[in-house]
Amino acid sequence: MTETPSPDGCRSGVELQIERVIVASLEQATVHVRCLRGPVRRGARFNRLSGSAQALDLTLTQALVYGHRVPALDAGLTAFVTLRGKGVQTLLSGTPASGGQVIQGTNLLP
């Protein structure tokens, strides 16, 4: 479990790769993801989307690994996550050629 602290020392950088968007509404999406940089904890905030200038303000509200709720995702794990907030409509399922979008953000350290 490796964390990359930001300059203020209160947050760590996190990344999730979107593999498949399962359900999306105006403000919430259930998404199958792979954790690229973590741990990603419940409450993590995502504000950047790879290859896009689109503004995001998404909060991870739930993570499920093999059907079980988990408090955090370590790098390399895949999971179903629920994201809530502005920008869920811009999330797209990945393709073998594209490898999927990557959302980047931070979570508060415990």
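Definitions and cut-offs
- Residues numbered from 1 in each chain as written.
- Predicted model: local features only at pLDDT ≥ 70, side-chain atom pairs only at ≥ 80, totals over all residues.
- Heavy atoms only, no water.
- Helix = DSSP H or I, 4+ residues; strand = E, 2+ residues; numbered from the N terminus.
- Contact = heavy atoms within 4.5 Å.
- Areas by Shrake-Rupley, 256 points an atom, 1.4 Å probe, with all protein chains shown as cover.
- Salt bridge = Lys/Arg side-chain N within 4 Å of Asp/Glu carboxyl O.
- Buried < 20%, exposed > 50% of the residue type's maximum accessible area, 1.4 Å probe, protein only.
- Core = buried A, V, L, I, M, F, W, Y, C linked by side-chain atoms within 4.5 Å.
- Pairing = 2+ DSSP bridges.
- pLDDT = per-residue confidence, 0-100.

Time to look at the overall build of the chain. Summing up its helical and strand segments, the chain has zero helices and nine strands in all. Counting helices and strands in the order they occur from the N terminus, the chain gives β-β-β-β-β-β-β-β-β. Long-range contacts, defined here as pairs at least 24 residues apart, represent 66% of the contacts in the chain between residues at least 6 apart. Total accessible area computed for the chain in this model is approximately 6100 Å², and 55% of it derives from carbon and sulfur atoms.

What the rule picks out here adds up to three salt bridges. As a salt-bridge pair, R37 and E15 come within 3.9 Å of each other at their nearest N and O atoms. Of this pair, R37 sits in strand β2 (residues 28-37) while E15 sits in strand β1 (residues 11-24), and the two are 22 residues apart along the sequence. The exposure class of R37 is partly exposed, given its relative accessible area of 27%. Here E15 falls in the buried class, since its relative accessible area comes to 17%. A salt bridge links R34 to E19; the nearest nitrogen and oxygen atoms lie 3.4 Å apart. With R34 in strand β2 and E19 in strand β1, this pair connects stretches of sequence that are 15 residues apart. For R34, a relative accessible area of 32% gives the class partly exposed.

Time to look at the nonpolar core. Formed by 24 residues in total, the largest nonpolar core has its most connected members in F46 and L73. The set of elements that each furnish at least two residues to this core consists of β1, β2, β4 (45-49), β5 (57-65) and β8 (78-86). Those residues in contact with L73 that sit more than four places away from it in its chain are L16, V33, C35, G38, P39, V40, A63, V65, A79 and V81.

Here β2 pairs with β8 via seven bridges, running antiparallel. Paired with V31 across the strands is V81, a residue of β8. Pairing geometry for β5 and β8, over seven bridges, is antiparallel. Paired with T59 across the two strands is R84, which belongs to β8.

Another point: the confidence of the model for the chain. Close reading of the predicted structure is inappropriate where its pLDDT is low. Averaged over the chain, the pLDDT score is 87; the fraction of residues at 70 or greater is 87%. Note on residues 1-10: pLDDT is under 50 here. Beyond four places in sequence and across chains, it has 20 contacts.

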